[in-house]
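Residue strings, one per chain:
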Amino acid sequence: KQEVTQIPAALSVPEGENLVLNCSFTDSAIYNLQWFRQDPGKGLTSLLLIQSSQREQTSGRLNASLDKSSGRSTLYIAASQPGDSATYLCAVRRGEDPGGSQGNLIFGKGTKLSVKP
Amino acid sequence: DAGVTQSPTHLIKTRGQHVTLRCSPISGHKSVSWYQQVLGQGPQFIFQYYEKEERGRGNFPDRFSARQFPNYSSELNVNALLLGDSALYLCASSYLSLAGVNEQFFGPGTRLTVL
């Protein structure tokens, strides 16, 4: 059974600091991995998606890496800003069959990030 | 282009009642998935529908049901509500293809409170 763990559960940093959020998964047989941002009481915003054949993806100040063999992904945020304060969720997708029974995402509990001005 | 939309935004029900939540996917997306997110937890998968057929179901009781319409919108129904059903219900859509990335895009959610 696939399990996704995110460490730490909460993180507080001063503005401008670079930071790394960690995600680990127990079964390396994944199709892809997505990082999401969630503001309090809101839906999920997709940040980055990494296919199982890729090692990393970058978008602006965000960089996500994937090491399938060790079951780990990291989200690197450069030069953090107060507007980055949110909960960051990692999710893995098991199967590649479009519309198949393994197409759902399995989520971690998230890391709550607070960036202090 | 409009993103995934969900209605209603908030809902308050009492135990034993029935609720229907609605979701409209991004135009062109044929797959809709439903997730339940209890406070402080990550979302848990409930259902996936693709081309109007159920393709996956999570570990939820039969009180939960869903369907997808010809225009690919979807409804999630929950019968005999329990206090533990209080959660944020999220809908996600994706454009599925054999060679595609199949990224999931989420709506803003429906906050259900059961009293």
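A short tour of the structure in this document, coming up. (Residues numbered from 1 in each chain as written. Chains lettered and ligands numbered in written order. Predicted model: local features only at pLDDT ≥ 70, side-chain atom pairs only at ≥ 80, totals over all residues. Heavy atoms only, no water.)

1. Re the overall build of chain A
A count of helical and extended segments in chain A gives 0 helices and 11 strands. Secondary structure elements in chain A, listed N-terminal to C-terminal, are β-β-β-β-β-β-β-β-β-β-β. The C-alpha atoms of chain A give a radius of gyration of 14 Å, which matches the 13 Å a tight globule of 117 residues would have. By principal-axis analysis of the C-alpha atoms, chain A measures approximately 45 × 30 × 20 Å. Counting the 117 residues in chain A, one finds 46% classified as buried. Within chain A, counting contacts between residues at least 6 apart in sequence, those at least 24 apart form 55% of the total. (Helix = DSSP H or I, 4+ residues; strand = E, 2+ residues; numbered from the N terminus. Rg over C-alpha atoms; globule rule 2.2 N^0.38 Å. Buried < 20%, exposed > 50% of the residue type's maximum accessible area, 1.4 Å probe, protein only. Contact = heavy atoms within 4.5 Å.)

2. Re the state of the cysteines
All names here are of chain A. A complete count under the given rule lists 2 disulfides over all chains for this structure. Disulfide partner of C23: C90, at an S-S distance of 2.0 Å. Between C23 and C90 the sulfur-sulfur dihedral comes to about -55°; the bridge is accordingly left-handed. Residue C23 is found in strand β3 (residues 19–25), and its partner C90 is found in strand β9 (residues 86–93); the two are separated by 67 residues along the sequence. (Disulfide = S-S within 2.5 Å.)

3. Quick word on the pattern of salt bridges
All names here are of chain B. Scanning the model with the defined rule gives 9 salt bridges over all chains in all. Between K52 and E51 there is a salt bridge; the shortest N-O distance is 3.6 Å. D62 is the salt-bridge partner of R57, the closest N and O atoms lying 3.7 Å from each other. With a relative accessible area of 71%, D62 lands in the exposed category. (Salt bridge = Lys/Arg side-chain N within 4 Å of Asp/Glu carboxyl O.)

4. What about the nonpolar core?
Counting 23 residues, the largest nonpolar core has L33, W35 and L75 of chain A as its most contacted members. Ranked by size, the runner-up nonpolar core spans 22 residues in total, among them V4, V19, L21 and L112 of chain B. (Core = buried A, V, L, I, M, F, W, Y, C linked by side-chain atoms within 4.5 Å.)

5. Some thoughts on the sheet that holds strand β8 (residues 74–78) of chain B
Residue and element names in this part refer to chain B. The antiparallel open sheet is built from 4 strands, whose spatial order is β1-β3-β8-β7. Where the open sheet ends on each side, the last strands, each with one partner, are β1 (5–7) and β7 (64–68). Across this sheet, the average inter-strand angle for adjacent strands is 15°, counted without regard to direction. Where strand β3 (residues 19–24) and β8 come together, 5 bridges link them in antiparallel fashion. Bridging from a neighbouring strand, C23 pairs with S74 of β8. (Pairing = 2+ DSSP bridges. Axes fitted to C-alpha atoms, helices over the stretch in contact; angles between N-to-C directions.)

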